Amino acid sequence: MQVIQGHLQSPPPSLRARRPDLPAAMDAVLARALAKRATDRFDSCAEFAAAARRALSGTGAQPTVFAGARSVPRHPQPNPYGDGGHAPRFAAPQPNPGYAPPPMPRSSGYRAPVPRRKGGRVVAAVLLTLTLIIGGAVTWVWQDESTWISDMLERSRAHKDLAAMSQAFPRMVPTGFADGAGFEGRECSAYANTKIRNELLWELTLQQAAAKWSCGSLDSADTDYFFYAFATAADAVEAVNRFRGETGDKGNASTGSRTDHHREQAYNGGYSGSAVVSTFSDSARERWVLVFQRGSAFTTVETDMPVLLADIARFPLG
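Residue numbers here run from 1 along each chain, matching the order of that chain's written sequence. Only residues with pLDDT of at least 70 get local features here, since the model is predicted, and only at 80 or more are side-chain atom pairs given and counted; chain-wide, interface and lining totals rely on the full set of residues. Excluded from the side-chain calculations are hydrogens and water; all other atoms, namely the structure's heavy atoms, are used.

Q: Which residues make up the overall build of the protein, and what values go with them?
A: Elements are defined by DSSP. Helices are runs of H or I of four residues or more, strands are runs of E of two residues or more, and each kind is numbered from the N terminus. Counting secondary structure elements, the protein contains eight helices and eight strands. Relative accessible area decides the class of each residue, using a 1.4 Å probe on protein chains only: under 20% of the type maximum gives buried, over 50% gives exposed, and in between gives partly exposed. Here the protein holds 318 residues, and 33% of them are scored as buried. Here the accessible surface of atoms and residues is derived via Shrake-Rupley with a 1.4 Å probe, and residues count as covered only by protein chains that are part of the display. Carbon and sulfur atoms form 58% of the exposed surface of the protein, whose accessible area is close to 20600 Å².

Here it is, written out as structure tokens:
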């Protein structure tokens, strides 16, 4: 405790008590350098060295020693160098003309590794995440066939069915799924994912179809035709069975994978037209239903059916 108390409160010992050959001014320099308060010390090592140099040479103003740091004895001390004597001055070192500094070692080419910034990894991770999200969203939109987005982009399954039927019967309906001219100038309209199709009463039986081509002539005596695509083959079978239950049977015929069901239509107990409903057994077209129709209440099935069958025979159905 005495040692600690001495460091905190006692002034530093006199330098001249051990080195009487040094000038008295060095005690003042050392006392200021070891002052208890930092504000009482020299501001820098350079200032301390300059004060010591002046004390040793006996020139210039001597440093101020503050009360809390005074360690110089109050009685006068004799000058070991006599009256007016000065401490010896030390000569500055002179350069050696024959000395050459050793050569610096050559660089081995090694460079300290530059630390990578963590921010770059964060940015890369964010960009990768955004890329995956955007890529997933684009993939989902591209593959989507059932939402309003696919309908708006005309990429729904119904649009694809319209295009597929157009490809299967290129001379019967327009290309793609846009309205246009059909066989022998008939006007064709395409419908996808809608039940608002300006349909006749008998057509409501097939209204569950997601896609439909409707082609008709301005001449009421011509044969009109309608191509439907259902969501599933079971939906197509159900719609055809319902249509057959509402019409009379007039026989059937088969051509390849297509089966034609000849039907007599009636309304309020009277004849209203003749129709042929075609279905397919192959998997590529099993969801499709083709309907060919002609006649009215002013004609008969005996006159309409032969003409209808003849038209179907010359239609380019492949």
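Now that the structure is up, let's keep going.
Q: Got a sec to walk through the sheet that holds strand S4 (residues 224–229)? Specific residues and values, please.
A: Strands qualify as paired when DSSP identifies two bridges or more between them. The eight strands lie next to each other as S1-S2-S3-S4-S8-S7-S6-S5, forming an open sheet whose pairing is antiparallel. Where the open sheet ends on each side, the last strands, each with one partner, are strand S1 (180–181) and strand S5 (248–255). Its contacts with the sheet place helix H6 (residues 157–168) against strand S2 (187–192), strand S3 (211–216), S4 and strand S8 (288–294), and it is angled at close to 45° to S3. Residues count as neighbours in contact if any of their non-hydrogen atoms are within 4.5 Å of one another. In this analysis, axes come from line fits to C-alpha atoms, helices being fitted only over the stretch in contact, and the angle between any two N-to-C directions falls in the range 0 to 180 degrees.

Q: I'd love a proper account of the packing of helix H2 (residues 25–33) against helix H3 (residues 45–57), names of residues and values included.
A: Packing of H2 against H3 brings their axes to within 8 Å, and their N-to-C directions diverge by 165°. Looking at the two axes, H2 sits roughly antiparallel to H3. In this structure, H2 meets H3 at a crossing whose hand is right-handed. The residues of H3 that touch H2, namely those facing Ala25, Met26, Val29, Arg32 and Ala33, are Glu47, Phe48, Ala51, Ala52, Ala55 and Leu56. Class assignment of the residues belonging to the contact of H2 with H3 gives a composition of nine nonpolar, no polar and two charged. Put simply, angles under 35 degrees are roughly parallel, angles over 145 are roughly antiparallel, angles from 65 to 115 are roughly perpendicular, and the rest are oblique. A clockwise turn of the near helix away from the far one marks a right-handed crossing, whereas an anticlockwise turn of less than a right angle marks a left-handed crossing. When residue character is reported, Ala, Val, Leu, Ile, Met, Phe, Trp, Tyr, Cys and Pro are called nonpolar, Asp, Glu, Lys and Arg charged, and the others, Gly included, polar.

Q: Now, about the layout of surface pockets: what can you tell me, with residues and values included?
A: In this analysis, the protein atoms alone were mapped onto a 1 Å grid. Cavities are point sets where a 1.4 Å probe fits without being able to get out; pockets are open sets with protein on both sides within 12 Å along at least five of seven lines; lining residues have an atom within 4 Å of a point. Grid points are joined across faces, edges and corners, and a volume is the space filled by probe spheres set on the points. One number sums up the size of the largest pocket: a volume of about 950 Å³. Leu200, Trp202, Glu203, Asp224 and Gln293 are the residues nearest the centre of the largest pocket, which is lined by 37 residues in total. For the lining of the largest pocket, the elements supplying multiple residues, two or more each, are S2, S3, S4, helix H7 (233–246), strand S6 (258–267) and S8. In terms of residue count, S3 provides more of the lining of the largest pocket than any other element does, four residues in total. Taken together, the residues that form the lining of the largest pocket break down as 12 nonpolar, 14 polar and 11 charged.

Q: Outline the pairing of S5, listing residues and values.
A: Pairing of S5 with S6 involves six bridges; the strand directions are antiparallel. When the sheet's bridge partners are listed, Thr255 is paired in S6 with Arg258. Hairpin remark: S5 followed by S6, antiparallel, with two residues in the connecting loop; positive phi at Gly256, about 65°.

Q: So what about the packing of aromatic side chains? Which residues, and what values?
A: Ring pairs shown here join Phe, Tyr and Trp side chains whose ring centres sit within 6.5 Å, with only the six-membered ring taken for Trp; geometry is labelled stacked below 30 degrees between planes, edge-to-face above 60, and tilted in between. For the coordinates displayed, the defined rule picks out 11 aromatic pairs. Taking the centre distance of 5.5 Å and the plane angle of 75° together, the rings of Trp202 and Phe226 count as edge-to-face. With a gap of 24 residues between them, Trp202 in the loop between S2 and S3 and Phe226 in strand S4 connect regions that are remote in the sequence. An identical accessibility class is assigned to Trp202 and Phe226; each is buried. Put simply, the rings of Phe169, Phe183, Tyr225, Phe227, Trp288, Phe292 and Phe315 pair up and form one aromatic cluster.

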